[in-house]
Amino acid sequence: MSTDAAPYSNNATPHKIVERLRHAKSVFVITHRKADGDALGSTLALVRALRHLDHDALAVFPGPWIDIFDPLLHETPRAHINESDDAAAKLHNREPDAIVLVDTGSRQQLGALVEWVEARADRTIIVDHHASGDEHLADLRWIDPPSSAAAEMVAQLCVELMRVDSAARLPLDVAEPLYLGIATDTGWFRYSNTRSSVMRLAADLLDAGVDHNRLMRLSEQSDPPQRVFLLARALNTLRLDEDKQIATLVIRRKDLEELGLENSDSGAINDRILSVASVRATAIITEVDANNSKASLRSKPPLTDHERDVDVNVVAQNFGGGGHKRAAGARLGLPVDQARDAIVNAIAAQLR
Ligand SMILES: [Mn+2]
């Protein structure tokens, strides 16, 4: 989620994007590196909808890759571009008529695809729900931060593209990844971005035949036991600051290495400590190396006018990162303990 991107804006309607896609015979759909449920779901859904209409569509994923959703990929054509790859060669020097970036519009999120995408801005379309990105990447931009997930936006495109009257009429192979996207980006309909439109869309997608239990199991109940051991270690580092309103945890390199884990999956751990009543904001600080750390941040919406609101997107921007008001991230060029203090101070400034 870390980005230097600036606030960016719309210049196209969903209708205009659909019209552009109708005229594109070949389309590459690209999302951000380390594709999460929304990124993957949005990409697969749009590629499959286009293929149902006999367009030549390809899903393109910049690495690294998170494999937990692999059972949902099926035969959908896709390319993986790793950090050290020559993007053009890996894409067989193919030149698509249109490129759609979904769930990101930020060059820092594109890995080895950055220059390839930048050179094709004239045929690139951004469909994103993040508030910041790099406008110059795309000729057409539909940016909608109120959308709970990019998949909510892509659902609208798929319905219009496929000329159905509601998402309940989408083919199951399109509906399933859309549901994955909205479910994961809303924390399974618990986060503050769970608005009425997303609940209605979820209902429609269930009517299209989506198996909620299967997706829930894949997404939330497929951890190796080491994840729980990591949680136990992380909880031992809990620190509460500023009248117990800020909760922070630290995950050290050593913890990950000893448990054989590659990443801290800090989003899931943040959710656990938000359960403390007094806590207004949380941060998981993960050690990258002796001098670098990354922070994953969350905040709770205030319940009364007396509560100060913590915007973690603003906190993350202090460190060159970003994201959303309730969920953001940043990389810090600091050892993990100093990074924790810096993050706590930045959050505390918003609570005073
Ligand atoms: Mn998203």
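Below is a summary of the structure that appears in this document. (Residues numbered from 1 in each chain as written. Predicted model: local features only at pLDDT ≥ 70, side-chain atom pairs only at ≥ 80, totals over all residues. Heavy atoms only, no water.)

**A word on the packing of helix α5 (residues 150-161) against helix α6 (residues 172-185)**
Then step 1. Relative orientation of the contacting elements α5 and α6 amounts to 155°, with a least axis distance of 8 Å. Viewed along their axes, α5 and α6 adopt a mutual orientation that is roughly antiparallel. In terms of crossing hand, the pair formed by α5 and α6 is left-handed. Contacts between α5 and α6 pair Ala151, Glu152, Val154, Ala155 and Cys158 from the former with Val174, Leu178, Gly181 and Ile182 from the latter.
Then step 2. Split by residue class, the contact of α5 with α6 holds seven nonpolar, one polar and one charged. (Axes fitted to C-alpha atoms, helices over the stretch in contact; angles between N-to-C directions. Helix = DSSP H or I, 4+ residues; strand = E, 2+ residues; numbered from the N terminus. Parallel < 35°, antiparallel > 145°, perpendicular 65-115°, else oblique. Left-handed = near helix turned anticlockwise from the far one by under 90°. Contact = heavy atoms within 4.5 Å. Nonpolar A, V, L, I, M, F, W, Y, C, P; charged D, E, K, R; others polar.)

**So, the coordination of the manganese ion**
Where a metal carries four tetrahedral donors, each ideal angle is 109.5 degrees; where it carries six octahedral donors, the ideal angles are 90 or 180 degrees.
Then step 1. The manganese ion binds to the protein through Asp38 (OD), Asp103 (OD), His129 (NE2) and Asp185 (OD), with metal-donor distances spanning 2.1 to 2.3 Å.
Then step 2. Look at where the donors of the manganese ion fall in the sequence and you get D-x64-D-x25-H-x55-D. In this pair, histidine 129 sits in the loop between β6 (124-128) and β7 (132-133) while aspartate 185 sits in helix α6, placing the two residues 56 residues apart along the sequence. For the pair histidine 129 and aspartate 185, one class covers both residues: buried. (Donors = N, O, S within 2.8 Å, 3.2 Å for Na, K, Ca; no water. Buried < 20%, exposed > 50% of the residue type's maximum accessible area, 1.4 Å probe, protein only.)

**A short note on the sheet that holds strand β5 (residues 98-102)**
One key point about sheets: their strands pair by backbone hydrogen bonds, in either a parallel or an antiparallel sense.
Then step 1. Judged by pairing direction, the sheet is parallel, and its six strands sit side by side in the order β4-β3-β2-β5-β6-β8 without closing on themselves. Each of the sheet's edge strands pairs with one partner strand only, and the pair in question is β4 (78-81) and β8 (140-143). The sheet shows a mean angle of 20° between the axes of neighbouring strands, direction not considered.
Then step 2. Summarising the sheet, strand β2 (residues 26-30) and β5 pair through four bridges and their orientation is parallel. Bridging from a neighbouring strand, phenylalanine 28 pairs with isoleucine 99 of β5. (Pairing = 2+ DSSP bridges.)

**Some remarks on the nonpolar core**
Then step 1. Counting 58 residues, the largest nonpolar core has Leu21, Val127 and Leu205 as its most contacted members.
Then step 2. With sequence-adjacent residues up to four places away left out, leucine 21 is seen in contact with Val27, Leu46, Leu50, His55, Ala98, Val100, Ile125 and Leu161.
Then step 3. Counting residues in hydrophobic clusters, the runner-up holds 23 residues, among them Ala283, Leu297, Val336 and Leu351. (Core = buried A, V, L, I, M, F, W, Y, C linked by side-chain atoms within 4.5 Å.)

**Observations regarding the sheet that holds strand β14 (residues 327-332)**
Then step 1. Overall, mixed pairing links the six strands, which are arranged β9-β10-β11-β12-β14-β13 in an open sheet. At either margin of the open sheet sits one strand with a lone partner, and together these are β9 (239-241) and β13 (322-323).
Then step 2. In the sheet, strand β10 (residues 246-251) pairs with strand β11 (residues 281-289) via six bridges, with the strands oriented parallel. Bridging across to β11, alanine 247 finds its partner in threonine 282.

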